[in-house]
Amino acid sequence: MIRNYDKLIFELSKEGRSGYSLPKNEYAAEHCICGLPAALKRETGPELPEVTEFDVVRHYTNLSNKNFGVDTGFYPLGSCTMKYNPRINEEIAAMPAFAALHPDAPAEAAQGALEVYYNLAASLAEISGLAAFTLNPYAGAHGELTGLMIMRSYHLQRGDAKRTKVIVSDSAHGTNPASAAVCGLEIVEVKSKADGTVDVEDLKPLLDDTVAGIMMTNPNTLGIFETDIPEIARLVHECGGLLYYDGANLNAVLGKCRPGDMGFDIMHINLHKTFSTPHGGGGPGDGPVGVRAGLEALLPNPQVKRDERGMFYIDTDDKSAGYVSGFLGNFAVLLSAYTYILTLGRENVKLVGPLAVLNANYVKESLKDEYYLPIDGVCKHEFVFDGLADKSTGVTTLDIAKRLLDYGYHAPTIYFPQLFHQSIMIEPTETESKETLDEFIKVMKLVAKEAVETPDVVKNAPYNTPVRRLDETTAARFPKTTYRQLRV
Amino acid sequence: MKYFPHTQQDIEQMLSVAGLRSMDDLFAEIPQQLLFNREFDLPEAMSEVEIRKFFDTLGKKNSQLVCFAGAGVEDHYAPSVIAPVISRGEFLTAYTPYQPEISQGTLQYIFEYQSMICELTGMDVTNASMYDGTTATAEAMMMCVSIAKKRRKVLLSETVNPKVRRVVETYARYQGVTVERIAEKEGVTDIADLEAKLAGDDVAGVILAQPNFYGIVEDYSGVADMCHARKALMVMNAKPSALAVLKSPAEWGADIACGDAQSLGIPMCYGGPYVGYLACTNANVRKLPGRIVGATTDVDGKRAFVLTLQAREQHIRREKANSNICSNQSLMALFVTMYMSVMGKKGLEEACSLSYSGAHYLAEQLAATGKCSLAFDKPFFNEFVVRTAVPAEKVLEALRADGILGGVRIADDMLLVCVTEQRTKAEIDRFVEIVRNI
Ligand SMILES: Cc1ncc(COP(=O)(O)O)c(C=O)c1O
């Protein structure tokens, strides 16, 4: 592989080259685009590269060689559930019978697609213990926003306009408070206890009739199960609020317990985490939102329903919280997730959580002498170290992350959650074998040893990657975000 | 199960390292009443053979129709080289490029994507992608309000796609932002109405479309000055494929350009995934949501790319965030980047030219049938509205019976019809023939 390849596609450009082929324009002159008034046309064309088709293939193949994915190696990025992405999912997602379907095709011409949507929604409802799902939101954060809109609408439709606060844990992912802000809600932070779970005593005084609800994830972002959840649910419901579940951590409990049974009223699922759809270098994913019985009408429009004859149709509900997407979500991603669920089947879905949790505990227990484990005990699908156990080396979490790249691993999530200064958040997922984990453990121990013996080696890592540490300060101070800016 | 590598022996050894005796011990702290103790009501596991048959059967329940529908999603040509390259595991199975040293592939294509989107729109900067055109426009609305600080009103032209409008209106409602509609007049934005609504000096932004929902290319001469004189930002929701030919948002004087880049070859896929784009002038970059990639160098002086200006982002700003977007549509950004590379300026122009000619030919031929007439006398691009003599639904049914998706019904007697470079003259003639025989 040619990792030193360093051209931009623009730098391959040569006037006169082209990579496309289109049919001839055989229409009469009176239909020519030249008839469009000049005042509506641009003066100079966009400067796009002039390259051949082959240039494009080779260029992007070379770029791919400078990338690391789950297919490349172990990717223990906490909170992101980087499990294996089966190829059959993508094969199904690309089937022309779905890929060539226009979203405004009438329902009778899209019965297969609507059935996929309907049945996937039903499967997610069963898996999470809620009554109904929308698959329209495009990602986890989009699901959060949708869920909060539902929460807000629920109160408003009951004539309760003063509930404008949302309680968020201090260990919550940044999107939780951000989604609340975008939904026009005020954020109140609840503290966590030393063991990382929500402090019920700190929560109680926050609960009053201005509270719309609480956002939690369980297990929380530290990988700790919130055992007080029944009590928290009781308290929040008693005060008239609703409980929102951030499904980013659903993989931990898949098959073992369900958010609906824990007392949650609304939740999202990241299909690109728990349900194995590829992360695509940052997306697309999909963020289905589920609600408990009684809230179904509030799901965003459009809604997919089935009539008495078993025909599927697209409906809208006046009570709906609104529209959050153009159509019915990232539909191809839905196909991919549905394929995964059907491949696992009822007998295997329930093994996902237990095996993911087993892998996490195995890694945690194997490394807790070398790395500082602030919260001991059985974790769920992930856990957090607060840097090295030996605090005298001056080697930071960032250094450790960079050194891992040299050894062929993607780094864990670092500096999140923000509860600790040197967070290293590790999530192995259930699809990694004991052998892979053993190798990783060995390398983590080796890095810890290097930190003591040759700290500078770690501090200056990586060495073996396509590029080494980057000057991020200059990038931010003098931003160059396009080729045009780069050339001047 | 083929996705689980654990042998019984592995499980035993791993449990023992973790100091546990059984798999149940992994969940010992969970209150009993929360444990899920029955079988899931789901089908049994399917083999790959069964999966393929299962989805084949489902696929056959969809009709394969020759597509003349647009209304925001069009049936464009996608070069064959895109799918195999974007499916490479190194692209497909990576996540957000948090570790730039091993993510230069992703970071560089985002940089190229940003460069090309800026070329098309004429804007200075864009982010790494939004979910789709509807949410990108909602984010543009939020940018306006955030930049204007005290103003909490935006104007939204009735010629903007209703699917975009309803998402903008939903977001605005929860934010306490007032959305006022600018009237449509003969298929285009009523500029007098816009001017009147700007007069209160309380408008943060004005959202317009190009081409508009009816396929009409609007003349926005003077509109930017009108907005700026009232300290309102001008937002243009524009179709990127058409920008190879049309005056760019920047040339019209827009401050923000946004929309859906599905028209750059992305399969229709029953609504997604597509990719929203959001671009703006340098003056507003600090309020631009989402991720941005910038060029820099590594310690050895090698050129490299990195996520930059991150202080704007939700993981830093938390409750002060203007946007909550985290995962985006990165792979689809790669899709359109490859598309624009293969097509180049000339290919894009030629695709526009074919679509334009086809649409104008179809419009003329349809009018000649006497069964419908062009609804507006305005310059259009590759999409147009016809008024039908019989109910539009009847026209669509007749076409569907012959394997054609004839467009999108936008009123009882109005049909929005779209032609792309994928439609042949023969297909267009067949469309006309069917309408003539109704
Ligand atoms: C705990 C948690 N919540 C929410 C999100 C947001 O999800 P998405 O990136 O799909 O929008 C993430 C994802 O990174 C997460 O880890």
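Residues numbered from 1 in each chain as written. Chains lettered and ligands numbered in written order. Predicted model: local features only at pLDDT ≥ 70, side-chain atom pairs only at ≥ 80, totals over all residues. Heavy atoms only, no water.

Draft legend 1. Broad picture of the overall build of chain B. Helix and strand content of chain B: 14 helices and 17 strands. By principal-axis analysis of the C-alpha atoms, chain B measures approximately 80 × 55 × 50 Å. Looking at the 438 residues of chain B, the share that counts as buried comes to 65%. A sequence separation of at least 24 residues applies to 70% of the contacts in chain B between residues at least 6 apart. Charge-centre separation for chain B: the mean point of 45 positive side chains lies 3 Å from the mean point of 54 negative side chains. (Helix = DSSP H or I, 4+ residues; strand = E, 2+ residues; numbered from the N terminus. Buried < 20%, exposed > 50% of the residue type's maximum accessible area, 1.4 Å probe, protein only. Contact = heavy atoms within 4.5 Å. Lys, Arg positive; Asp, Glu negative; His and termini not counted. Charge placed at Lys NZ, Arg CZ, Asp CG, Glu CD.)

Draft legend 2. Representation of the state of the cysteines within the structure. Throughout the structure, instances matching the rule amount to one disulfide over all chains. Paired by a disulfide, Cys32 of chain A and Cys34 of chain A hold their sulfur atoms 2.4 Å apart. Judged by its relative accessible area of 26%, Cys32 of chain A is partly exposed. Unpaired in this structure, Cys227 of chain B has its nearest cysteine sulfur neighbour in Cys144 of chain B, at a distance of 9.6 Å. (Disulfide = S-S within 2.5 Å.)

Draft legend 3. Focus on the pairing of strand S17 (residues 414-418) of chain B. Residues and elements named next belong to chain B. Counting buried positions over the five residues of S17 gives five, a clear majority of the element. In S17, alternate side chains face the same way, and those of Met414, Leu416 and Cys418 on one face and Leu415 and Val417 on the other are all buried. As paired elements, strand S16 (residues 408-411) and S17 share three bridges and run antiparallel to each other. Paired with Ala411 across the bridge in S17 is Met414. Between S16 and S17, which pair antiparallel in sequence order, lie two residues. (Pairing = 2+ DSSP bridges.)

Draft legend 4. Up close: the domain arrangement of chain B. Residue and element names in this part refer to chain B. What the domain assignment reports for chain B is domain 1 (66-77 + 344-436) and domain 2 (82-339). The C-alpha-based centres of domain 1 and domain 2 are spaced at 28 Å. Opposite the 22 residues of domain 1 that make contact, domain 2 presents 26 residues. Close ionic contact of Glu74 with Lys239 constitutes a salt bridge, the shortest N to O distance being 2.6 Å. Between the two partners, domain 1 and domain 2, sit seven residue pairs in polar contact (both at pLDDT 80 or more). At the level of elements, helix H12 (330-369) and strand S14 (383-388) are the ones that each hand at least two residues to the side of domain 1 that touches domain 2. (Domains from an automatic or database assignment. Salt bridge = Lys/Arg side-chain N within 4 Å of Asp/Glu carboxyl O. Polar contact = N/O pair within 3.5 Å; in protein donor to acceptor, adjacent residues only side chain to side chain.)

Draft legend 5. View of unusual backbone geometry. Residues and elements named next belong to chain A. Residues Phe416 and Pro417 are joined by a peptide bond in cis, for which omega reads -5 degrees. Positionally, Pro417 belongs in the loop between strand S11 (413-414) and strand S12 (423-426). Positioned with a positive phi, Ser79 is a non-glycine residue whose angle comes to about 75 degrees. Assignment of secondary structure puts Ser79 in the loop between helix H1 (53-64) and helix H2 (87-93). A residue is classified by how much of its surface remains accessible, and Ser79, at 8% relative accessible area, is buried.

Draft legend 6. Geometry of the packing of aromatic side chains. With the rule as written, the count across this model stands at 28 aromatic pairs over all chains. Summarising the aromatic geometry, the rings of Tyr27 of chain A and Tyr361 of chain B are spaced 5.5 Å apart at their centres and angled 50 degrees between planes, so their arrangement reads as tilted. Placement of Tyr27 of chain A in the segment before H1 and of Tyr361 of chain B in helix H12 is noted, with the two residues assigned to different chains. This pair shows no difference in class: Tyr27 of chain A is buried, exactly as Tyr361 of chain B is. Seen from their ring centres, Tyr340 of chain A and Tyr3 of chain B are 6.2 Å apart, and the 15 degrees between their planes marks the pair as stacked. Linking Tyr340 of chain A in helix H10 (residues 331-367) with Tyr3 of chain B in the segment before helix H1 (8-17), this pair reaches from one chain into another. (Phe/Tyr/Trp six-rings, centres within 6.5 Å; stacked < 30°, edge-to-face > 60°.)

Draft legend 7. Local environment of the sheet that holds S17 of chain B. Residue and element names in this part refer to chain B. Within the open sheet, the four strands sit side by side as S13-S14-S17-S16. Their pairing is antiparallel. With partners counted over all chains shown, the strands left at the sheet margins are strand S13 (372-374) and S16, one partner each. Pairs of neighbouring strands in the sheet enclose a mean axial angle of 35 degrees, with direction left out of account. The sheet contact formed by S14 and S17 spans five bridges and is antiparallel. Bridging from a neighbouring strand, Val386 pairs with Leu415 of S17. Packed on one face of the sheet, H12 meets S13, S14 and S17 and runs near 10 degrees to S14. (Axes fitted to C-alpha atoms, helices over the stretch in contact; angles between N-to-C directions.)

Draft legend 8. Representation of empty space enclosed by the protein in the model. All names here are of chain B. This structure, assessed with the given rule, holds 10 cavities of 30 Å³ or more. Approximately 410 Å³ is the volume attributed to the largest cavity. Considering the residues around the largest cavity, the lining is formed by 30 residues, among which Ala71, Gly72, Asn161, Val164 and Asn237 are closest to the centre. Secondary structure elements with two or more residues in the lining of the largest cavity: helix H6 (133-148), helix H7 (162-175), strand S7 (205-210), strand S8 (233-238) and strand S9 (256-260). For the lining of the largest cavity, the residue count by class is 11 nonpolar, 13 polar and six charged. Two domains each donate at least three residues to the lining of the largest cavity, and these are domain 1 (66-77 + 344-436) and domain 2 (82-339). Approximately 80 Å³ is the volume found for the second largest cavity. (1 Å grid on protein atoms, 1.4 Å probe; cavity = no way out; pocket = protein on both sides within 12 Å on 5 of 7 lines; lining within 4 Å. Points joined across faces, edges and corners; volume = space filled by probe spheres on them. Nonpolar A, V, L, I, M, F, W, Y, C, P; charged D, E, K, R; others polar.)

Draft legend 9. View of the interface of chain A and chain B. Each partner contributes to the interface: chain A provides 206 residues, whereas chain B provides 187 residues. For the chain A face of the interface with chain B, the top three residues by lost area are Tyr27, Arg42 and Arg346 of chain A, together amounting to 5%. On inspection of chain A and its partner chain B, the count reaches 13 salt bridges. Where Lys256 of chain A meets Asp24 of chain B, a salt bridge forms, and the shortest distance between an N and an O atom there is 3.3 Å. Linking chain A to chain B there are 100 residue pairs in polar contact (both at pLDDT 80 or more). Of the residues contributing to the side of chain A that touches chain B, the split by class is 106 nonpolar, 58 polar and 42 charged. (Buried area = accessible area lost by both parts, 1.4 Å probe.)

Draft legend 10. Structural context of the site of the ligand. Residues in close proximity to the ligand total 15 residues, the closest being Ser79, Ala141, Asp246 and Lys273 of chain A together with Ser327 of chain B. Near the ligand, the surrounding residues belong to chains A and B. One of the side-chain nitrogen or oxygen atoms of Ser327 of chain B is found 2.6 Å away from an oxygen atom of the ligand. The protein chains hide 99% of the 390 Å² of surface that the ligand would expose on its own. Per-element accounting of the shell around the ligand gives the leading share, three residues, to helix H5 (residues 140-157) of chain A. Considering only residue class, the shell around the ligand consists of five nonpolar, seven polar and three charged. (Near = heavy atom within 4 Å. Areas by Shrake-Rupley, 256 points an atom, 1.4 Å probe, with all protein chains shown as cover.)

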